[in-house]
Amino acid sequence: DGGITQSPKYLFRKEGQNVTLSCEQNLNHDAMYWYRQDPGQGLRLIYYSQIVNDFQKGDIAEGYSVSREKKESFPLTVTSAQKNPTAFYLCASNMNEKLFFGSGTQLSVL
Amino acid sequence: DAKTTQPPSMDCAEGRAANLPCNHSTISGNEYVYWYRQIHSQGPQYIIHGLKNNETNEMASLIITEDRKSSTLILPHATLRDTAVYYCIVRARRSNTGKLIFGQGTTLQVKP
């Protein structure tokens, strides 16, 4: 099936630990995005990438890092500098001005 | 991108039409109106978009007022599976970012 695959679905982070969220797509889309969603809130843009080997900061990039070495993959690392990482993280790709989202990763702090 | 205003919640009886309003009074001429919905704990799903003409697809209809300051998403025959948060977004086509301002949306509860 074509789509956006995020893994894991649930992730727990210990204090001071970096964790990486996976996002893979087989839609052949150039643009990919990471959003953060807090309970009862809308989505906020963390990072986006319009093309391989290029990415830009969104509104809330502090404490996060990304890479885009392959078209299909756009992993997000939540670093220890992110002091409030508990949230629902969504990855998306863009084709013809429509965003296609993955099923999300719920990150919690132990 | 222009801001939107939506009611926080609405109820609809199963089988009836659900009409979800959205105000976007500061919309500019090159901005489209997009609708997405998010079922609990899933990623948002694209529904429909339009510029100034009414649009219809297999999921819904979009009615945009002549002055483009508001719009209504219509689910013609709501089912229980349509219970979700519905987001109205305005955004210029070919924007260089994915910076969709989702807001808090309207929680639609479809009741049996």
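Refer to the preceding data block for the structure.
Residues numbered from 1 in each chain as written. Chains lettered and ligands numbered in written order. Predicted model: local features only at pLDDT ≥ 70, side-chain atom pairs only at ≥ 80, totals over all residues. Heavy atoms only, no water.

*Asks:* Sorry, what's going on with the overall build of chain B here?
*Replies:* Helices and strands together make up the secondary structure of chain B, namely zero helices and nine strands. For chain B, the spread of C-alpha atoms along the three principal axes comes to 40 × 30 × 25 Å. In chain B, buried positions account for 46% of the 112 residues. A total of about 5800 Å² of accessible surface is found on chain B, and carbon and sulfur atoms cover 48% of it. (Helix = DSSP H or I, 4+ residues; strand = E, 2+ residues; numbered from the N terminus. Buried < 20%, exposed > 50% of the residue type's maximum accessible area, 1.4 Å probe, protein only. Areas by Shrake-Rupley, 256 points an atom, 1.4 Å probe, with all protein chains shown as cover.)

*Asks:* What should I look at first to understand the overall build of chain A in this one?
*Replies:* Helix and strand counts for chain A stand at zero helices and 11 strands. The C-alpha atoms of chain A give 13 Å as radius of gyration, which agrees with the globular expectation for 110 residues (13 Å, within 12%). For the C-alpha atoms alone, the extent of chain A along its principal axes is close to 40 × 25 × 20 Å. For chain A, with 110 residues in total, the buried portion stands at 50%. (Rg over C-alpha atoms; globule rule 2.2 N^0.38 Å.)

*Asks:* Which parts of the structure should I look at to understand the sheet that holds strand E3 (residues 19-25) of chain A?
*Replies:* Paired through their backbone hydrogen bonds, the strands of a sheet run either parallel or antiparallel. Residues and elements named next belong to chain A. Strand order across the open sheet formed by four strands is E1-E3-E8-E7, with antiparallel pairing between neighbours. Across the chains shown, the open sheet's two edge strands, defined by having one partner strand only, are strand E1 (4-7) and strand E7 (64-66). Averaged over all neighbouring strand pairs, the angle between strand axes comes to 20°, with direction disregarded. Bridge count between E1 and E3: four bridges; the pairing is antiparallel. (Pairing = 2+ DSSP bridges. Axes fitted to C-alpha atoms, helices over the stretch in contact; angles between N-to-C directions.)

*Asks:* What is the right way to read the state of the cysteines from this model?
*Replies:* Cysteine pairs can be covalently joined through their sulfur atoms, and such a bond is termed a disulfide. Across all of its chains, the model carries two disulfides over all chains by this definition. Each disulfide pairs two cysteine sulfurs, and for cysteine 23 of chain A the partner residue is cysteine 91 of chain A, the sulfurs being separated by 1.8 Å. Between cysteine 23 of chain A and cysteine 91 of chain A, the S-S dihedral sits near -75°, and the bridge is therefore left-handed. Pair noted here: cysteine 23 of chain A is in strand E3 and cysteine 91 of chain A is in strand E9 (residues 87-95), with a separation of 68 residues, a long-range link. Accessibility assignment for this pair places cysteine 23 of chain A and cysteine 91 of chain A in one class, buried. The residue that forms a disulfide with cysteine 22 of chain B is cysteine 88 of chain B, at a sulfur-sulfur distance of 2.1 Å. The chirality of the disulfide connecting cysteine 22 of chain B with cysteine 88 of chain B is left-handed, given an S-S dihedral of about -80°. With cysteine 22 of chain B in strand E2 (residues 18-23) and cysteine 88 of chain B in strand E8 (residues 84-92), this pair connects stretches of sequence that are 66 residues apart. On the basis of relative accessibility, which here comes to 0%, the residue cysteine 88 of chain B falls in the buried class. (Disulfide = S-S within 2.5 Å.)

*Asks:* Help me understand the nonpolar core, please; the structure alone is not making it clear to me.
*Replies:* One broad rule of soluble globular proteins: the nonpolar side chains tend to lie buried together. Residues and elements named next belong to chain B. Counting residues in each nonpolar core, the largest one holds 21 residues, and the members touching the most others are Trp35, Leu73, Tyr86 and Leu108. Counting only elements with at least two residues in this core, the list comes to E2, strand E3 (31-38), strand E4 (45-50), strand E6 (61-64), strand E7 (70-75), E8 and strand E9 (106-111). Discounting chain neighbours no more than four positions away, the residues touching leucine 108 are Met10, Asp11, Cys12, Ala18, Leu20, Leu75, Asp82, Thr83, Ala84 and Tyr86. (Core = buried A, V, L, I, M, F, W, Y, C linked by side-chain atoms within 4.5 Å. Contact = heavy atoms within 4.5 Å.)

*Asks:* What is the right way to read the interface of chain B and chain A from this model?
*Replies:* Interfaces are often sized by the amount of accessible area the parts lose when they come together. Facing 23 residues of chain B, the contacting portion of chain A comprises 22 residues. Both sides of the chain B and chain A interface together cover about 1600 Å² of buried area, and 50% of this is carbon and sulfur. Here chain B is connected to chain A by zero salt bridges. Counting every contact that joins chain B to chain A gives four residue pairs in polar contact (both at pLDDT 80 or more). At the level of elements, E3, E4 and E8 of chain B are the ones that each hand at least two residues to the side of chain B that touches chain A. (Buried area = accessible area lost by both parts, 1.4 Å probe. Salt bridge = Lys/Arg side-chain N within 4 Å of Asp/Glu carboxyl O. Polar contact = N/O pair within 3.5 Å; in protein donor to acceptor, adjacent residues only side chain to side chain.)

*Asks:* Explain the sheet that holds E8 of chain B to me, please; I cannot follow it from the model alone.
*Replies:* All names here are of chain B. The five strands lie next to each other as E1-E9-E8-E3-E4, forming an open sheet whose pairing is mixed. Of all strands in the sheet, those bounded by a partner on one side alone are strand E1 (9-13) and E4. Between one strand axis and the next, the sheet turns by 25° as a mean value, whatever way the strands run. Pairing of E1 with E9, which is carried by five bridges, proceeds in the parallel orientation. Bridging from a neighbouring strand, methionine 10 pairs with leucine 108 of E9.

*Asks:* Explain the packing of aromatic side chains to me, please; I cannot follow it from the model alone.
*Replies:* The full count for this structure, using the stated rule, is seven aromatic pairs over all chains. Ring geometry for tyrosine 33 of chain A and tyrosine 48 of chain A: centres 6.3 Å apart, planes at 25°, overall stacked. Linking tyrosine 33 of chain A in strand E4 (residues 31-37) with tyrosine 48 of chain A in strand E5 (residues 43-51), this pair joins segments that are 15 residues apart in sequence. A relative accessible area of 1% means that tyrosine 33 of chain A is categorised as buried. Here the aromatic cluster, defined as three or more aromatic residues joined through ring pairs, consists of Tyr33, Tyr35, Tyr48 and Phe101 of chain A together with Tyr36 and Tyr46 of chain B. The side chain of arginine 68 of chain A reaches across the aromatic face of phenylalanine 74 of chain A, ending 5.9 Å from its centre. (Phe/Tyr/Trp six-rings, centres within 6.5 Å; stacked < 30°, edge-to-face > 60°. Lys NZ or Arg CZ within 6 Å of the ring centre and 35° of its normal.)

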